[in-house]
Protein chains: 2
Amino acid sequence: MNKEIFMKLLSAREFKAVRSILNVMNAVDIASILSELEDKELALAFRLIPKDKAADVFANMNNTMQSKLVEMFTEKELKAILDELFLDDTVDMLEELPANLVTRILDAVDKDTRAQINVILNYPEDSAGSIMTTEYVSFKRTMTVGEAIAHIKETGIHKETIYTCYVLDSRKLVGIVSAKDLLTSDDDERIEDIMETEIISVNTHTDKEEVAKMLSKYDLLAIPVLDGENYMVGIVTVDDAMDVMEEEATEDITKMAAMNPSEKPYFETSVWGHAKNRILWLLVLMLSATITGSILTHYEDAFQAIPLLVSFIPMLMDTGGNCGTQSSTLIIRGLALDEIHFRDIFRVMFKEFRISLIVGVILAAANGVRILIMYNSIKMAVVIALSLMATIVISKLIGCVLPLLAKKVHLDPAIMAAPLITTLVDTCSVMVYFAIATQVFNL
Amino acid sequence: MNKEIFMKLLSAREFKAVRSILNVMNAVDIASILSELEDKELALAFRLIPKDKAADVFANMNNTMQSKLVEMFTEKELKAILDELFLDDTVDMLEELPANLVTRILDAVDKDTRAQINVILNYPEDSAGSIMTTEYVSFKRTMTVGEAIAHIKETGIHKETIYTCYVLDSRKLVGIVSAKDLLTSDDDERIEDIMETEIISVNTHTDKEEVAKMLSKYDLLAIPVLDGENYMVGIVTVDDAMDVMEEEATEDITKMAAMNPSEKPYFETSVWGHAKNRILWLLVLMLSATITGSILTHYEDAFQAIPLLVSFIPMLMDTGGNCGTQSSTLIIRGLALDEIHFRDIFRVMFKEFRISLIVGVILAAANGVRILIMYNSIKMAVVIALSLMATIVISKLIGCVLPLLAKKVHLDPAIMAAPLITTLVDTCSVMVYFAIATQVFNL
């Protein structure tokens, strides 16, 4: 659907046409079009959405738009939307809304829902409890398949998923039945005879990244969440797991570029917000870079005698930084995907050492030849080749060891990425370089 | 399950116990334990897995282990596994196996399956066609719900998913029915009356990253794949989409660290493979860094006169690189998540400009004060503060513009990341620095 056409029809007050369009459009796409409207038009357009789609559209809007709508809604409209929203979407929204709107929403839902919302809101941020929904289908073990299907017909329509159903015995989870099992079994079979008893579950306090990894690893559509006493309290569904995976990747990438991750997309974060997320690391890294600078001042005599020495500093620093970044990036990602563990540290170091020898020889040779040709100085060629070789080996080792050590002491390995590695490697490369140069040139 | 206990039982030939353990374990976990066994033990253990689980375990093993098993299987065993494997898993495996094993497998499957496999193998790598499965449930529009459920009972057990079923009319997709619709509708309702006709689909040539994004965006469990003439040819399921998302994030992160992405995990890639993936970019970046070096040689007189100038080079280069990296990283990620588009270029530039002013003023002030105190030179403080300010503004602008331009000309924005940005920004910062220094100090 073309956004411009939609907006033209809306501002021309062609309500019939707008309603027909909204009728055939997907809720996600409607949310995306509506998010570009002005407040007044937004309220108007939202009220033209077919009733059975409105909650779905609302759930797919960003927090800014949701706030605006909640403010505009009458009590009745608010209640209607909240009744249709899945509980986890309601909680997601509450976590971001200003306090006055939160109160308004908690007033509008029934007592039971309010209690459930409060429970979920109390779980620690980023835990399974905080992203789960308490709306799932449960069976008794003595039910027949026919009774179970009848139970879904009665209660299932408002549950977030009916594809994985849970068999409970005094609130404890004893089995899992998939909709596939129900559809392919005879009506008079008993649930306990067809249920799966190998149960994969998480705890309310499990980190949400871990939850997403488990859903992905075991190819599940939903995973049950148990509380401290092993009572079943909710489920996390695969669509939420996909969102978590995307968020976590963004968070890692942001940290790897020496920034505090922002909760919001680029344009929704203010200029001040961006500056705040970036400045601390820049200050820290700037100060460490001055260390490299003060090392340089020790070698004033050297580059007074041979000024050409200075011109190789950027090349050595950059190459060292890049080599270190390559290693640290692979290790950080490997740690995140559980492909590499701290116990592999020596295996990793040995591998990186061999890689750095190959890479080092090639780069040193290329540079040595270039310098021989350009400056016709064997000594300078030797100094640069040796320095490059040493820099590359050191930087690859630093690059692979630091993320592993960070993991060991429960720091986020992602902070041991390009910027920090580069700054550390710089110091090493400058020191090695001038140590070698003063030796070779007898300075 | 403890791996050591398992291996001890196996080497003690306690087959009964091993079988019992395998009976209650999850297929994914069995695959993980088996992948640490020696060839001989592997064959033994695999044959102890309950028949209904063996294919699932096999699908969850890595290619090296799959190759080993295929070599060890008798014709009969191979046929039994292949009959149970989902088609997309078979194709995944074929794409990685050596040619002689591929032939063996293609000989073992029936003619029909072989034809389907060949079709999928012919789609371009990374396309929807190459990751889809052709095993899905289809209905006729005139069926009743009762007939549809009976149809699933008959044919559905071997389909990869039954949760989204497709209504076809002479091979064209006319509607979608979810298992939820089936379970909550009356048996005598007609499929065409309950089917959803707003269909979200992809084409066989759609990039798999795009496919994964659509499944995530629309919260789908499966998405239909249509060919050039709009005939339905397969589906991509959410579990595969999650794998694609993870792979794509890894690929982006690898590229952002100036490496060619590897198809295999860290330890499965050889030392030579790693070196090859890293060396090209290192050479390119090293050569560009020598440009910065040769600019420095132009200012020999300047740092002969004031040697202290040299000691600020690392700080300026590093800060510029880090600032550029921060901006480019956010833009690259925003582009990948469709939050930022090329049309936003001026909005982005204006935002980054304002951010760089704030960041620049703070860093320049911090450094100016430090230099005043340490060296008691107002001129030097001014030179460094101005150079920092200029470097930060330039690097943030370069950092945000280059990924956007790359996207515009259909290059992968991820290559415009830390290493390349750093190298480019270095040249600028050195030039700006000495331009300002020669002015202020009248060199």
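Not measured: the values here are computed from a predicted model. (Residues numbered from 1 in each chain as written. Chains lettered and ligands numbered in written order. Predicted model: local features only at pLDDT ≥ 70, side-chain atom pairs only at ≥ 80, totals over all residues. Heavy atoms only, no water.)

**Observations concerning the interface of chain B and chain A**
Taken together, the 113 residues of chain B in the interface contact 113 residues of chain A. Summing both sides of the interface, chain B and chain A together bury roughly 10,300 Å²; the carbon and sulfur share of this comes to 71%. At the junction of chain B with chain A, the criterion picks out six salt bridges. Residue Lys53 of chain A pairs with Glu198 of chain B through a salt bridge whose shortest N-O separation is 3.1 Å. Counting across the interface, chain B meets chain A through 27 residue pairs in polar contact (both at pLDDT 80 or more). With 17 residues, helix α17 (residues 271–298) of chain B is the largest single contributor of residues to the side of chain B that touches chain A. Classifying every residue of the side of chain B that touches chain A by side-chain character gives 61 nonpolar, 27 polar and 25 charged. (Contact = heavy atoms within 4.5 Å. Buried area = accessible area lost by both parts, 1.4 Å probe. Salt bridge = Lys/Arg side-chain N within 4 Å of Asp/Glu carboxyl O. Polar contact = N/O pair within 3.5 Å; in protein donor to acceptor, adjacent residues only side chain to side chain. Helix = DSSP H or I, 4+ residues; strand = E, 2+ residues; numbered from the N terminus. Nonpolar A, V, L, I, M, F, W, Y, C, P; charged D, E, K, R; others polar.)

**Topic: the side chain of Asn367 of chain A**
As for its position among the elements, Asn367 of chain A is in helix α21 (residues 345–375). Not counting chain neighbours up to four residues away, the residues in contact with Asn367 of chain A comprise Met315, Ile384 and Leu388 of chain A together with Met286 of chain B.

**Topic: the nonpolar core**
Within the largest apolar cluster, 129 residues are counted, with the highest numbers of intra-cluster contacts made by Leu34 and Phe46 of chain A together with Leu34 and Phe46 of chain B. Not counting chain neighbours up to four residues away, the residues in contact with Leu34 of chain A comprise Phe6, Leu42, Ala45, Phe46, Ile49, Val57, Met61 and Met65 of chain A. Ranked by size, the runner-up nonpolar core spans 75 residues in total, among them Ile371 and Met380 of chain A together with Ile306 and Leu388 of chain B. (Core = buried A, V, L, I, M, F, W, Y, C linked by side-chain atoms within 4.5 Å. Buried < 20%, exposed > 50% of the residue type's maximum accessible area, 1.4 Å probe, protein only.)

**Considerations on the sheet that holds strand β2 (residues 161–169) of chain B**
All names here are of chain B. In space, the three strands of this open sheet follow the order β1-β2-β3, with mixed pairing throughout. Whereas interior strands pair on both sides, the edge strands pair on one side only; in this sheet they are β1 (136–139) and β3 (172–178). Direction aside, neighbouring strands of the sheet carry axes that sit 35° apart on average. (Pairing = 2+ DSSP bridges. Axes fitted to C-alpha atoms, helices over the stretch in contact; angles between N-to-C directions.)

**Brief notes about the relation of the copies chain B and chain A**
Note on the copies: chain B fits chain A at an RMSD of 0.2 Å, the axial shift is 0.0 Å, and the rotation between them is 180°. On this basis, the relationship between the two copies can be described by a two-fold rotation axis. A symmetric contact is evident, with 100% of the interface residues of chain B recurring at the interface of chain A. (Least-squares fit on C-alpha atoms with pLDDT ≥ 70 in both.)

**A closer look at the pattern of salt bridges**
Residue and element names in this part refer to chain A. Tallied over the entire structure, the rule returns 32 salt bridges over all chains. For the salt bridge of Glu192 with Arg190, the shortest nitrogen-to-oxygen distance reads 2.4 Å. Asp344 is paired through a salt bridge with Arg347; the nearest N and O atoms lie 3.7 Å apart. Residues joined in a network through salt bridges with shared partners are Arg141, Asp169, Arg190 and Glu192.

**Observations regarding the confidence of the model for chain A**
The pLDDT averaged across chain A works out to 89; a share of 100% of its residues lies at or above 70. Under the prediction, the complex receives an ipTM of 0.79, its pTM being 0.80. (pLDDT = per-residue confidence, 0-100.)

**Here's the deal with the packing of aromatic side chains**
A complete count under the given rule lists 20 aromatic pairs over all chains for this structure. Taking the centre distance of 5.7 Å and the plane angle of 85° together, the rings of Tyr136 of chain A and Tyr166 of chain A count as edge-to-face. Taken together, the residues span a long stretch of sequence, with Tyr136 of chain A in strand β1 (residues 136–139) and Tyr166 of chain A in strand β2 (residues 161–169) at a distance of 30 residues. Seen from their ring centres, Phe46 of chain B and Phe58 of chain B are 6.4 Å apart, and the 80° between their planes marks the pair as edge-to-face. Here Phe58 of chain B lies in helix α5 (residues 51–59) and Phe46 of chain B lies in helix α4 (residues 39–48), a separation of 12 residues in the sequence. Each member of the pair, Phe46 of chain B together with Phe58 of chain B, is buried. Ring pairs connect the aromatic residues Tyr299, Phe303, Tyr433 and Phe434 of chain A together with Tyr299, Phe303, Tyr433 and Phe434 of chain B, which therefore count as one cluster. Lying over the aromatic face of Tyr231 of chain A, Lys172 of chain A brings its terminal NZ or CZ to 4.9 Å of the ring centre. Positioned above the aromatic ring of Tyr266 of chain A is the side chain of Lys351 of chain B, whose terminal nitrogen or guanidinium carbon lies 5.8 Å from the ring centre. (Phe/Tyr/Trp six-rings, centres within 6.5 Å; stacked < 30°, edge-to-face > 60°. Lys NZ or Arg CZ within 6 Å of the ring centre and 35° of its normal.)

**Some words on the pairing of strand β6 (residues 232–237) of chain B**
For a regular strand, side-chain orientation follows a simple rule: the groups alternate between the two sheet faces. All names here are of chain B. Most of β6 sits inside the fold, with six of its six residues counted as buried. Relative to β6, strand β5 (residues 222–226) is paired through five bridges, and the arrangement is antiparallel. Residue pairing across strands places Leu226 opposite Met232, the latter belonging to β6. Linking β5 back to β6 in an antiparallel pair, the connection comprises five residues, with Asn230 at a positive phi of about 70°.

**Examining the environment of Ile384 of chain A**
All names here are of chain A. Structurally, Ile384 is set in helix α22 (residues 378–408). By relative accessible area, which is 0% here, Ile384 ends up buried. Sequence separation between Ile384 and Ile371 is 13 residues, and the spatial gap between their C-alpha atoms is 8.5 Å. For Ile384, the contacting residues outside a window of four places in its chain are Phe312, Met315, Asn367, Ile371 and Tyr433.

**Side note on the pairing of β1 of chain A**
Residues and elements named next belong to chain A. As paired strands, β1 and β2 are joined by three bridges and run parallel to one another. Its bridge partner being in β2, Tyr136 is matched across the sheet by Thr161. For the handedness criterion, the β-α-β arrangement of β1, helix α12 (residues 145–155) and β2 is classed as right-handed. (Right-handed = clockwise from strand over helix to strand, strands pointing away.)

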